[in-house]
Amino acid sequence: MKHPVSFLRTVALLEAISYLILLFVAMPLKYVWGMQMAVKIVGSVHGGLFVVFCFALWRVLMHTGWPFSRAVLVFIASLLPFVPFFIDRRMRAWVAADSNKTPA
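Residues numbered from 1 in each chain as written. Predicted model: local features only at pLDDT ≥ 70, side-chain atom pairs only at ≥ 80, totals over all residues. Heavy atoms only, no water.

A. Quick look at the overall build of the protein. A tally of regular secondary structure across the protein gives 4 helices and 0 strands. Mapped from its N terminus to its C terminus, the protein presents α and β elements in the order α-α-α-α. Residue burial in the protein is summarised as follows: out of 104 residues, 30% are buried. Of the accessible surface of the protein, which amounts to about 6,700 Å², a share of 71% is contributed by carbon and sulfur atoms. (Helix = DSSP H or I, 4+ residues; strand = E, 2+ residues; numbered from the N terminus. Buried < 20%, exposed > 50% of the residue type's maximum accessible area, 1.4 Å probe, protein only. Areas by Shrake-Rupley, 256 points an atom, 1.4 Å probe, with all protein chains shown as cover.)

This is the structure we're talking about:
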C-alpha cells in the first residue's frame, strides 16, 4: 500500500466489520445462548484491530499533514457502528485531493 491512508482505510473497514460481528453475532451468542467464548474471541480480535487502527491513524497524522480535526473525526467514526463505511468515501476523496496537490 503506497499511501498511509490506504492502510488506514483497510484497517478501519476490518475493524468496523469486527465491531459489527461483536455487536450482532457474538453478543447475542453470549447473552441469548450462553456462549461466552464467542465474545472473548471476537472481542480479542476486535481489540487488536482497534489498536492497529489507532496506530494507522497516528501514522497518517504524522505522514500526510492531515489536520488534527480530521483525525478526530475518523477516530470518533470508528466508535460508532456503520459510520466507518460512510467515512471511507471521505477518506478516498481526501487521498485524491492530497495527490492532486502540487508541491510549491
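B. Seen up close, the side chain of S18. Along the polypeptide, S18 turns up in helix α1 (residues 4-31). Judged by its relative accessible area of 7%, S18 is buried. At a separation of 2.8 Å, a polar atom in the side chain of S18 contacts the main-chain carbonyl oxygen of E15. Contact partners of S18, with chain neighbours within four places excluded, come to V42, H46 and L49. (Polar contact = N/O pair within 3.5 Å; in protein donor to acceptor, adjacent residues only side chain to side chain. Contact = heavy atoms within 4.5 Å.)

C. Representation of the nonpolar core. One finds L8, F53, L57, W66, V74 and M91 to be the most contacted residues of the largest nonpolar core, which totals 15 residues. At the level of elements, α1, α2 (36-64), α3 (68-78) and α4 (83-100) are the ones that each hand at least two residues to this core. Here F53 is in contact with L8, V11, A12, V74, F75 and S78, once residues within four sequence places are set aside. (Core = buried A, V, L, I, M, F, W, Y, C linked by side-chain atoms within 4.5 Å.)

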